[in-house]
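Each chain, letter by letter, is given below.
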Amino acid sequence: MSDDSHQLRVSKIKNGTVIDHVRGGQALNVLAILGIDGSGDEAVSVGMNVPSDRMGRKDIVKVEGRELSQDEVDVLSLIAPDATINIVRAYDVIGKHRVERPTEVVGVLSCPNANCITTGDEPVASRFAVLGDGVRCAYCETLIREGFADHIDVE
Amino acid sequence: MQHDHVLTAKQFSRADIETVLDRAAAFDARREGVPPDGSEHDGSDAEAGVSDRHAETLLGLLFFEPSTRTRMSFETAIKRLGGDVVDMGSVESSSVKKGETLADTVRVIEGYADALVLRHPSQGAAKMASEYVDVPVINAGDGAGHHPTQTLLDLYTIREHAGLDDLTIGIMGDLKYGRTVHSLAQALTRFDATQHFVSPESLALPPDVRYDLDEAGTSVHSHTDLESVLPDLDVLYVTRIQRERFPDENEYRAIADAYGIDLETLERAKDELSIMHPLPRVDEIDPAIDDTDHAAYFDQAHSGIPVRMALLDLLL
């Protein structure tokens, strides 16, 4: 089944962002990183584990009424490095981007080191430098090389 | 040396380190009555023109964990430079006990002091503190993270006893949680040093420190016992195995015994081997070694004064 045919399963959006080619099973983490938990105004459609010629299985997230910034989508690179971002206006795709690895991610991941200053009661957001093969806490320097989704901590 | 704060040993270039050590050596020489111009005096700070160098400078001491050497040597260093300290005192007697955050504490005390010396149980505490204040923050130990000023005095001692060029050093003990080890290993990448790490596997270097050593191009030689590498060493840096890291007393005892040294251990060492330890020691070094030429650990502790004087002098 092609990408085009499954797109029909999820209604088109008028204005907003389509995040396509998300690794299968990561859609909810994409929403978590974007801070979308259903409490806001956005209408959100999620397709999970849909067949994909390119990826075998993929997830797709459509967010109505919100155009994601490049900074926002770049954070997705940690869990969805193959994602494509389509900005939609009046049902037309007016911009198509690939995610790029940011130099750092702030307030997205929680540090796995229980003794890190960011895990206590201090008024400080987590901050990780993005390395070639992982991320590193800017405070305690702990490395995370895999399982980024396990460390997502978005309010 | 241009640094706003002293947070990790990694921030220092080789030139930075040599600048601090050279100035420390000058302070040392002056106290011994040998000023750089070759003239003679009585060795006092007043005579050496040091004692009013930082008059009216106040150093804020914030020690959230116990300390003897670091705390006292910072206090001594600033007083020898003509300044003084304001001390937060113990955590139990401070507002921290009431639940005040570190971010608030440092913002209050920056109004009292010209620089802050911070020891805290959380890794990254000094870095976070530096983001909240405009005065210099000096990391005096952040949990199992870093202890950069200890490293400077370690390097000073190494330079005095063995030299920093073509150095072969063994670092033994708790390499996982030992912050002095982490900072020293990172700083030694600035020099032509071969580093051997000796520890039980459970206390080996943490991945983030290994990452830094790899990035610096240092080859890491890891060993689980000292025997094979001891004859090659110019310096053996011993650290305390912390009892609290082991749930089982027997396991602690076995490891502590295996990574302690005595006169018999040293039979296979070079005559020139210098033994260092950040202190306090418990059972790691037999007191019988104290009277040998190998023992450098008390010199090392004393180096804390000129080195911290030099650092403060350059920073303030």
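Look up a bit, the structure's there.
Residues numbered from 1 in each chain as written. Chains lettered and ligands numbered in written order. Predicted model: local features only at pLDDT ≥ 70, side-chain atom pairs only at ≥ 80, totals over all residues. Heavy atoms only, no water.

**Re the environment of A:Val73**
Using the following cut-off: Secondary structure is summarised from DSSP: a helix means a run of H or I of at least four residues, a strand means a run of E of at least two, and numbering begins at the N terminus for each.
With respect to the element layout, A:Val73 can be found in helix 3 (residues 70-75). For the pair A:Val73 and A:Val105, spaced 32 residues apart in the sequence, the C-alpha separation amounts to 11 Å.

**Observations regarding the sheet that holds strand 2 (residues 84-87) of chain B**
Residues and elements named next belong to chain B. To keep things clear, this is the line we draw: Note on pairing: DSSP must find at least two bridges between two strands before they are called paired. Every axis in this analysis is a line fitted to C-alpha atoms, fitted for helices over the stretch in contact. Angles between the N-to-C directions lie between 0 and 180 degrees. Residues are treated as being in contact if the distance between any of their heavy atoms lies within 4.5 Å.
Sheet architecture is open: 4 strands sit in the order 2-1-3-4, paired in parallel fashion. Looking at the sheet topology across the chains shown, the edges are occupied by strand 2 and strand 4 (137-142). Put simply, the sheet's adjacent strands are angled 20° from each other on average, direction ignored. Sheet topology note: the strand 1 (residues 58-63)/strand 2 ladder contains 4 bridges and is parallel. By the bridge assignment, Leu61 is partnered in strand 2 with Asp87. Those strands touched by helix 3 (residues 69-80) are strand 1, strand 2, strand 3 (115-120) and strand 4, and its axis lies near 175° from that of strand 1.

**Considerations on the nonpolar core**
Rule in force here: Nonpolar core, defined: a set of buried Ala, Val, Leu, Ile, Met, Phe, Trp, Tyr and Cys residues in which side-chain atoms within 4.5 Å join the residues together. Throughout this description, buried means an accessible area under 20% of the type-specific maximum (1.4 Å probe, protein chains only), exposed means over 50%, and partly exposed covers the range between.
One finds A:Ile19 and A:Leu76 to be the most contacted residues of the largest nonpolar core, which totals 57 residues. For A:Leu76, the residues in contact, after removing those within four places along its chain, are A:Ile19, A:Val30, A:Ile33, A:Leu34, A:Pro81, A:Ile85 and A:Val99.

**Here we look at the packing of aromatic side chains**
Defined as follows: Two rings from Phe, Tyr or Trp (for Trp, the six-membered ring) form a pair when their centres are within 6.5 Å of each other. A pair whose planes differ by under 30 degrees is stacked, one over 60 is edge-to-face, and the rest are tilted. Over a ring means this: the NZ of a Lys or the CZ of an Arg is within 6 Å of the ring centre and within 35 degrees of the ring normal.
One pass over the structure, following the stated rule, counts 2 aromatic pairs over all chains. Ring geometry for B:Phe246 and B:Tyr252: centres 6.1 Å apart, planes at 55°, overall tilted. Taken as a pair, B:Phe246 and B:Tyr252 share a single burial class, namely buried. The ring of A:Tyr139 carries the charged tip of B:Lys127 above its face, separated from the ring centre by 5.8 Å.

**Regarding the interface of chain B and chain A**
Often the size quoted for an interface is simply the accessible area lost on bringing the parts together. Heads up, the condition is: Once two parts are joined, some of their accessible surface, as seen by a 1.4 Å probe, is lost; buried area is that loss totalled over both. Just to be clear on terms, a salt bridge is a Lys or Arg side-chain nitrogen sitting within 4 Å of an Asp or Glu carboxyl oxygen. By the criterion applied in these results, polar contacts are pairs of N or O atoms within 3.5 Å in which, for protein atoms, one can donate a hydrogen and the other can accept it, and in which residues neighboring in sequence qualify only through two side-chain atoms. Each residue receives one of three labels: charged for Asp, Glu, Lys and Arg, nonpolar for Ala, Val, Leu, Ile, Met, Phe, Trp, Tyr, Cys and Pro, and polar for the others, Gly being one of them.
Contact residues are listed per partner, giving 21 residues for chain B and 17 residues for chain A. Buried area between chain B and chain A, both sides added, is near 1500 Å², and the carbon and sulfur share of it is 49%. Note that A:Glu141 is salt-bridged to B:Lys10, the shortest N-O span being 2.9 Å. At the surface where chain B touches chain A, the tally comes to 12 residue pairs in polar contact (both at pLDDT 80 or more). By residue number, the principal contributor to the side of chain B that touches chain A is helix 8 (residues 207-215) of chain B, which donates 4 residues. Tallied by class, the residues present in the side of chain B that touches chain A amount to 8 nonpolar, 8 polar and 5 charged.

**Describing the packing of helix 1 (residues 14-31) of chain B against helix 10 (residues 297-315) of chain B**
All names here are of chain B. Test applied: Note on angle classes: values under 35 degrees are labelled roughly parallel, values over 145 roughly antiparallel, values of 65 to 115 roughly perpendicular, and the remainder oblique. In this scheme, a crossing is called left-handed if the near helix is turned counterclockwise away from the far one by less than a right angle; it is called right-handed if the turn is clockwise.
Between helix 1 and helix 10, the shortest axis-to-axis distance is 8 Å and the interhelical angle comes to 120°. Overall, the two elements helix 1 and helix 10 adopt an arrangement that is oblique. Regarding helix 1 and helix 10, the two cross each other, and that crossing is right-handed. Contacts between helix 1 and helix 10 involve Thr19, Val20, Arg23, Ala24, Phe27 and Asp28 from the first element and Pro306, Val307, Met309, Ala310, Leu311, Asp313 and Leu314 from the second. Of the residues that constitute the contact of helix 1 with helix 10, the class distribution is 9 nonpolar, 1 polar and 3 charged.

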